[in-house]
Every structure is written in C-alpha cells, then in structure tokens.
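A structural walkthrough
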Amino acid sequence: MKIKSTPASLFVLLALILFVQISYGQAASTTSRSATISDPMIRRIWVEGMDKSQLYPLAQELLDSIGPRLTGSPQQTQANEWAMARYRSWGIPVRTEKYGSWNGWRRGTFHMDLVAPRVRSLEGMLLTWSPGTNGPVEGQVVVFPNVKEATEFEAWLPKVRGKFVLVSFPEPTCRPDDNWKEFATSESFARMQTERTAARDAWYNGIRKSGLRGRDLLHRLEDAGALGILTSLSSQQGWGVSKPGSANAEQVPELGLACEDYGLVFRLAEKNQGPVLRLNAEAQSLGEVPVSNVIAELPGKELPNEYVVLSAHFDSWDFASGATDNGSSTVAMMEAMRILKAVYPNPKRTILVGHWSGEEQGLNGSRAFVADHPEVIKGMQALFNHDNGTGRIVKISMEGLAGAGAFFRRWLSQMPGDLNSQVNLLDPGVPDRGTDHASFICQGVPAFNLSSVGWDYETYTWHTNRDTFDKLVMDDLKGNALLFAMLAYMASEDPQRIPREPRVTAPNPQTGQPAPWPTCTQPARSSPRIKP
C-alpha cells in the first residue's frame, strides 16, 4: 500500500510503529522473564496470566453490568448465574450450594430534594433493607431534642407526626481531620476538636436520657407517626465518602444524607428556617429467599480427597458496586482458576474455589461450608483467602501455624521476583478473625489470609459509596491472580502436608499466657427478622 506523505498519514504511520514497538516490547518482556523461571509449570502459569488475562472483562461485566451483590438480593442471584456461566465456558465444573435463606430486598430509584426555604437536590440514599415510599412524600423536618429525662422526650414525641426526624449528630465540619491538620493552625485544629467532642458528647447524652436507644428508639419514632428517619452518612475519613449501614426502622423509610447535606438540613431545622423535604424512594421486600455459595473445582487426579482452596466472598454491600470489597478478589480467584484450567487441568490434589455469600452478615456462607463439608476440612492442604482491596499482595500471615512458614518460603522462592519480592511473611503470626479464612482457621486447618498494599482501602472504598470499578488497579490484580494460581499449583503438588501443630496464639495481656485458640461460630442460616 502506498501512503501519501501528508502530516495526517505520517502521524498514523508513527503511531502504528510506536504501537508495534510497545507490543513487541511487552511480549519480549514477558518472554524474557518467563525464560528465567525454572519450574516449567510456573513458567506456563506466568505466560498464560500475562498474555491472556481476562481480568478486565470479568471485572467490568460483574461490577458495571450486575453491580453490587447484597446478600438476598436479585443481583446476588444474577451474579451467581454469571459466575457459573463463566466457569462453564472455561470447562470448569461448578455448582451452587444453598446454605440457608436471608431477607430478600430490592433497591430501586431514590431521590430527595430540599424544596424550602430553597431548592436543592440532596446527596443520600435509602439504607439497606429499609422500606421505601409509595410515591413521593413531602414534609417538614424536626431535630431530635436534647432532653434531660424520659418524660421530656415523651412530651416532645407528638411533634414528629408527619415529619422527617433527624437522629444523627451533625458534624460541624465535613473536612477530614488530616485536611485540618495540614492547613489549620495548631490552636485552631485543637479548638475544633475540643468543641466537636463536647458537642458530640452532649448530643448522645441527650439521646441516652430519652430512655431509648438504637432500634427501640427508631421504632418509637415510627409508632409516633414520623414520615421518615434521617441519619448522617459521615465517615469523617475522606472527601465525599459515605459509609451507609442497615436500616433499623421497619415501617417508614430510613435514609442517610451525605455529611454536607445532613448538616445543611440540620442547621435549617435547628434555626427554625422552615426546611421542607420531598422524598421518592423505591424499595421492595422479597421475604425470606434462598442464599447460596458458588463452588468451582478442578478434581485431583492422585489425591482427590485432599484440597487446596481459593477463597473470596462474593457478596457485598450495595452502596456502590462492591468493587474492592470484594469484587476484586472474586475476579482474581476466577482468573486464577481459568489459568489453572488452561495450563494445569489435572492437579494432584483437588483445587476448589469458594465464592462465599453472607460474609458481610457474619461469614455465614463460609461457616456453613465448613459445617457442611467435614471431608474438605479433614483433607485440607491449604486455603488462600483475599479480602482487603485491589492492591498487590504484600503480607501473608501463617495464622499461628508454626510449621507453615517453611512451605511458603519454598513456594515463594520458585516464583518470579515481580511476585515474591514484596511479600512479607508473618511467621508464625497469630490467627485472625476478620474474614472468611477465620471460618477455617478456627478448625486448626491451614487457612491463610493474604493482605494487600492499602490504596486507601479503609478510607475511601471499604463499605462506601465510592467502591466502584474505576478504583481497581489492574496491574496489581493481575499479579495477585498469578500469585493465587502459583500457590494453588505448588500446594497441590507438594509431597508434604502442611502440619496443623504446633499452634501459636497471642498472649493474654492480663495473664501473659497464650490465649486459647479461636473457637468456631455456627452460621446464621436465616435472617434474624423479616421486614414488611
């Protein structure tokens, strides 16, 4: 083909040359790195994961198209079906395992406006499992009173009828403290903290003196005819971050407003400036619905009754997309299984992945699996769990199993430096109870939680309205998927079993003696209550 020598065609030609150079450079880099890997299977895992990664399309489909996966919601069922379809397309046997039921709930559209004394659309959302409205409702606003005794509260209570009630402390500033610390004078920062603490203590002291707290207080407001209950979603950690929760109200909408808008409405009501709110919130209670784990596995050819388990919870809160908690680990485990099926389809031991439901309600899915599968517990070689964001793995605790460190050091030594150079082993460590591996480690089996570099996980994405697809770091996730796949392969092939004794726990600070090994908790196999 003859290319005319024009500026546009030259630009296209240069761009094409650059693309080829970059592509060739990447391919050459992958090839050169794989050449330094001594284990042929590790080399094949590396090349498959680097050159044919499916992480981006998996994450995009799950998080953008399906979205959050609240336990008991239609989206969780849809996500289960999606995951099974992907596994089947790769030729990996997969199933769902029902472990109980939960309170089903569907979130719909939400809109709340300030309509007086001025017009402003407000940032907020209906709390999870809250009733919605039957079309738009409109009402004035009242602030929970600072009462001195229960009789004073009872005398005030009739004022809530037909009104929205503000029940949270209004943060005097929605700037994160680190922003104050950076820019304020030390005197100004200290004064703000002192005044805020005093105001917060006074607020909650008034609530205590009403004689009611928590769910009982909200039910009393409902019974008194409140139109809706408003809380603040302030996290006091990062800009624009809200950490919603579950509703306690059962008859009227319970909703949260972002820190700035809650403060606005509160000040208008407190100063008697006549705030009026209009709310239209759609939600549907579905009653008690089945909940299930998704289990996929590559059957072992030599030792089918011994198990290597990849572990990540599939459920999420539904405030955003559930991206870093825990869609990131879900798709990384799926990618690890895809890689293994492609290059290591006949493992020595059975390699199983558990996509757990109900983690956010108390590790219920993984706890149920442990209770229902004593054969897996008996034959467990190792479990690798991940549940703290999108970042690359930098820490692995031996969870108090004193003999496990030698296995990990041997396995990590066979991996490319890109994967193992930043990993710090906590040996022997102590058993951790924070996520799904705790359902297994309490049994004394080798179950390990792999921890990531932060990426401001707890500040900006953990249980927040900002946990969305764009927060994923694909390079880090690609490395994690490779690490999971390589660990699964080496744990499967290792001629030895990881010992379950001796076990080490943290000392009791009062006695100085080792604390007892953590006890196992039975799963909740149904929701504690059903909302109308």
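Up top is the structure these notes are about.
Since we're looking at a predicted model, the values are computed, not measured.

1. Details of the state of the cysteines
Per the stated rule, a full pass over the model turns up two disulfides. Two residues, Cys-174 and Cys-259, share a disulfide whose sulfurs are 2.1 Å apart. Because the sign of the S-S torsion sets the handedness, a value of about -85° for the bond joining Cys-174 and Cys-259 places this disulfide among the left-handed ones. Placement of the pair is Cys-174 in the loop between strand 5 (164-166) and helix 6 (177-183) and Cys-259 in helix 9 (residues 259-270), with a sequence separation of 85 residues. Each sulfur of the disulfide joining Cys-442 and Cys-520 lies 2.0 Å from the other. Disulfide Cys-442-Cys-520: the torsion about the S-S bond is 105°, which places it as right-handed. Of this pair, Cys-442 sits in the loop between helix 15 (438-441) and strand 14 (447-452) while Cys-520 sits in the segment after helix 17 (474-493), and the two are 78 residues apart along the sequence. Residue classification places Cys-520 among the partly exposed positions, given a relative accessible area of 33%. Cysteine pairing for the chain (bonded cysteines numbered in sequence order): 1-2, 3-4.

2. Observations regarding the packing of helix 4 (residues 74-89) against helix 10 (residues 323-343)
Two numbers describe how helix 4 lies on helix 10: the axes approach to 11 Å, and their chain directions differ by 20°. Classified by the angle their axes make, helix 4 and helix 10 are roughly parallel. The two elements helix 4 and helix 10 cross, and the hand of that crossing is right-handed. Facing helix 4, whose interface residues are Trp-82, Ala-83, Arg-86 and Tyr-87, helix 10 presents Met-333, Met-334 and Met-337.

3. Concerning the side chain of Thr-71
Positionally, Thr-71 belongs in the loop between helix 3 (55-66) and helix 4. Ignoring any residue separated from it by four or fewer positions in sequence, one finds Thr-71 in contact with Gln-76, Tyr-99, Trp-102, Asn-103, Trp-129, Val-291, Asp-315, Ser-316, Ser-357, Gly-358 and Gln-361.

4. Examining the pattern of salt bridges
Throughout the structure, instances matching the rule amount to 21 salt bridges. Linking Glu-61 and Arg-86 is a salt bridge whose minimum nitrogen-to-oxygen distance equals 2.7 Å. One end of the pair, Glu-61, is in helix 3; the other, Arg-86, is in helix 4, and 25 residues separate them in sequence. Exposure remark for Glu-61: the relative accessible area of 27% places this residue in the partly exposed category. Judged by its relative accessible area of 25%, Arg-86 falls in the partly exposed class.

What counts and what doesn't
Residues numbered from 1 in each chain as written. Predicted model: local features only at pLDDT ≥ 70, side-chain atom pairs only at ≥ 80, totals over all residues. Heavy atoms only, no water. Disulfide = S-S within 2.5 Å. Helix = DSSP H or I, 4+ residues; strand = E, 2+ residues; numbered from the N terminus. Buried < 20%, exposed > 50% of the residue type's maximum accessible area, 1.4 Å probe, protein only. Axes fitted to C-alpha atoms, helices over the stretch in contact; angles between N-to-C directions. Parallel < 35°, antiparallel > 145°, perpendicular 65-115°, else oblique. Left-handed = near helix turned anticlockwise from the far one by under 90°. Contact = heavy atoms within 4.5 Å. Salt bridge = Lys/Arg side-chain N within 4 Å of Asp/Glu carboxyl O.

Everything listed is a geometric property; what it means functionally is a separate question.
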